[in-house]
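Okay, here's what each chain looks like letter by letter:
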Amino acid sequence: MTVGIDAVEIRTGKLRLDLAETFAPAQGEDPGKYTKGLGLYASSFPDVYEDIVTMGANAAHRLMDRKGLEPRDIGRIDVATESAFDNSKPVSTYIAGCLEQVYDGDFHHANKGERKFACISGTQSLDDAYNWIRAGRNRGRAALVIATDTALYARDDSGEATQGAGAVAMLLAEDPDLVELSPEQGYGSADETDFLKPQQQFPSVDGKRSMQVYLARMREAIMDYESVLGPIHPEDYVLIPFHTPFPGMVRRAAALGYRHATRDTEVEEKLAAEIGRQPRREEFDSDEAYREAAGEYTDDLTESDRYQEWYSRCVEPTLSISRQVGNWYTGSVHVARIGGLKVALENGENLAGGRMLVCSYGSGAQAEVHAETIQAGWAEEIAALDIDDQLEDRYDLTFEEYEQVHDVHNHDSDIGVSDVEQFTQPDAEFVFDGWGRMGERKYTYVG
Ligand code: HMG
């Protein structure tokens, strides 16, 4: 049985903060820190009537309409988020409630839940849906998996430049049009305290350490994957989407992955004339000396034509949307998958039958690696997305407006939704509509 992602939709928050033009001057920083160092141009934010429910429901609505689906076709709704506003009632129930406003029928038959493990819960939700279908419990129905987040940091935290907000909706089904998921997976998982939110909205984060933990867990996941399938080779994959908190992180992860995967291969031999062979631990007296030599080799490697050609073909395209929207936490690796396929479509490439290596990560911390085979219907699916229009239509915030928006979405702030005028007009979409008598959030469809 072939199981995978049949269709995707992506919904960005409707506001945009330009990092070079607006954020950098207000922070007294050189714009190059954001555009070149982190690799980010802009962040997306929700307008005052948007949140994780509206973004998720609007993505799911467009997906269901485009695929001609009714509620009876969906057997489960899984939501991955780390921005939930309720410790009991899952976001998936709110999203189902929204969708029931616009469809005949209901989702009473559908299993709903919410997954938490930082950013990796988006991929874990895909796993849950995949396993449900492979186990034959789906009765021919598909699963709706929605990764939705408003990724805010405290003002003046070092992570502030990497914020973002948006949702990715994915339909998991038999005989998928977009990608088939491999049953093989690799994991790297450890109890880490690099990024966490202990009963608080904004993360406590040790930014530099979080980058080291990302790389360590990703390396473990690749090695675990190799223990199942044998050594991987970078040329085996047409695209390699990584979890993308910011493109500079992926730049590092890709270099380490390439170094690992080409060790003892013909690629290492071919590169040897130019940059020497990779340092081996046994050649050094201390870990520190080895690490220094490995770092120097990695710098030389990333300067080489061979590496740069591979990176610009397999990794760079996956960053195309992320650069414009920032970190969407649970949705981030799924945005990277879409970004890579979208660039390939624009370049007229035929990727059907090609394989992607999808590298997910969540702080706390866990990495997961699996492969995906691109299906014959991929180009039609990606061509149906309207993400370019959404990005283009975003309202450009001034710095003062950004400060207001941050306050509106801050659960502890005295500034409420009604204190700030909306920046855009809702158009055929779900909007946040105030609170009900038990403190629940309420939503309406604006036609
Ligand atoms: P920082 O300390 O403000 O930035 O925060 P920096 O000083 O390290 O500068 C960043 C880069 O810009 C550096 O490049 C600078 O050299 C360069 P690098 O040396 O690293 O290659 N730079 C410039 N380049 C060109 N022109 C210039 C210039 N100035 C500086 N003028 C940090 C950086 C990532 C720590 C911060 O943004 C942060 O704390 N972010 C949040 C944590 C994060 O994203 N961690 C990533 C790994 S953990 C993860 O991915 C999980 C996560 O998604 C959460 C979850 O799973 O739920 C976050």
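Residues numbered from 1 in each chain as written. Predicted model: local features only at pLDDT ≥ 70, side-chain atom pairs only at ≥ 80, totals over all residues. Heavy atoms only, no water.

## A short note on the sheet that holds strand β2 (residues 15-18)
Worth spelling out the cut-off: At least two DSSP bridges between two strands are needed for those strands to be called paired. Per the convention used, a helix needs a DSSP run of H or I reaching at least four residues, while a strand needs a run of E reaching at least two, with both numbered from the N terminus. Any two residues whose heavy atoms approach within 4.5 Å are treated as being in contact. Helix axes are fitted to C-alpha atoms over the stretch in contact, other axes to C-alpha atoms as well, and angles between N-to-C directions run from 0 to 180 degrees.
Here 3 strands make up an open sheet; going across it, the order is β3-β2-β13 and the pairing mixed. At either margin of the open sheet sits one strand with a lone partner, and together these are β3 (42-45) and β13 (395-396). Sheet topology note: the β2/β3 ladder contains 4 bridges and is antiparallel. Among the inter-strand pairings, Leu15 is bridged to a residue of β3, identified as Phe45. Packing of helix α1 (residues 19-27) onto the sheet brings it into contact with β2 and β3, and relative to β2 it is tilted by some 65 degrees.

## Remarks on the site of the ligand
Under the convention used in this document: Whether a residue is near a molecule or strand is decided by its heavy atoms; if any one of them lies within 4 Å of it, the residue is near. Definition of a polar contact: a pair of N or O atoms within 3.5 Å, with one able to donate and the other able to accept a hydrogen when the atoms are protein atoms, and with sequence-neighbouring residues admitted only if both atoms are side-chain atoms. To measure how exposed things are, a 1.4 Å probe is used in the Shrake-Rupley method; for residues, cover is taken only from the protein chains shown. Ten residue types, Ala, Val, Leu, Ile, Met, Phe, Trp, Tyr, Cys and Pro, are classed as nonpolar, four, Asp, Glu, Lys and Arg, as charged, and the remainder, Gly among them, as polar.
As a matter of local geometry, the ligand sits amid 30 residues, with Lys33, Glu82, Cys119, Lys208 and Arg252 nearest to it. A distance of 3.2 Å separates an oxygen atom of the ligand from a polar atom in the backbone of Cys119. Here the ligand, which alone exposes 1,100 Å², has 75% of that area covered by the protein. For the shell around the ligand, the elements supplying multiple residues, two or more each, are α2 (31-38), α6 (207-229), α7 (247-262) and β11 (355-362). Broken down by class, the residue content of the shell around the ligand amounts to 13 nonpolar, 11 polar and 6 charged.

## Re the sheet that holds β11
Taken in spatial order, the 8 strands of this open sheet run β5-β4-β6-β7-β1-β8-β12-β11, and their pairing is mixed. Edge positions in the open sheet fall to β5 (111-115) and β11, since each of these has one partner strand only. Averaged over all adjacent pairs, the angle separating strand axes in this sheet is 25 degrees, with direction ignored. Of the strand pairs in this sheet, strand β4 (residues 74-80) and strand β6 (residues 142-151) are connected by 6 bridges, and their pairing is parallel. Residue Ile74 lies in a different strand from β6, and its bridge partner there is Ala142. Each of β1 (3-12), β4, β6 and β7 (164-174) touches helix α3 (residues 52-66); the most contacted strand, β6, lies at about 145 degrees to it.

## Section: the packing of α3 against helix α4 (residues 91-102)
For the record, the criterion: To sort the angles, those under 35 degrees are grouped as roughly parallel, those over 145 as roughly antiparallel, those from 65 to 115 as roughly perpendicular, and the leftovers as oblique. Each crossing is labelled by how the near helix is turned from the far one, with a counterclockwise turn of less than a right angle marking it left-handed and a clockwise turn marking it right-handed.
Here α3 crosses α4 at 50 degrees, and the two axes come no closer than 9 Å. By the angle class used here, α3 and α4 are oblique. Both α3 and α4 take part in a crossing whose hand is right-handed. Along its contact with α3, which presents Ile52, Val53, Gly56, Ala57, Ala60, His61 and Met64, the element α4 presents Val91, Tyr94, Ile95, Cys98, Leu99 and Val102. Partitioning the contact of α3 with α4 into residue classes produces 11 nonpolar, 2 polar and no charged.

## Digging into the pattern of salt bridges
Rules: Salt bridges are defined by distance alone: a side-chain nitrogen of Lys or Arg within 4 Å of a carboxyl oxygen of Asp or Glu. Throughout, exposure labels follow a simple rule: accessible area from a 1.4 Å probe, protein chains only, divided by the maximum for the residue type, with under 20% read as buried, over 50% as exposed, and the rest as partly exposed.
Applying the stated rule across the entire model yields 31 salt bridges. Residues Lys67 and Glu381 are paired through a salt bridge, measuring 2.8 Å at the closest nitrogen-oxygen approach. Taken together, the residues span a long stretch of sequence, with Lys67 in the loop between α3 and β4 and Glu381 in helix α13 (residues 378-383) at a distance of 314 residues. Taking relative accessible area as the criterion, Glu381 reaches 5% and is therefore assigned buried. Put simply, Glu82 and Lys197 hold a salt bridge, and the shortest N to O gap is 3.4 Å.

## Looking at unusual backbone geometry
Residue Ala365 is reached from Gly364 by a cis peptide bond, and omega for that bond is 0 degrees. Turning to its location among the elements, Ala365 is positioned in the loop between β11 and β12 (366-374). Positive phi values are uncommon outside glycine, yet Asp264 reaches one of about 60 degrees. Note on placement: Asp264 falls in the loop between α7 and α8 (266-275). Since its relative accessible area comes to 60%, Asp264 is described here as exposed.

This is a description of form; function is not addressed.
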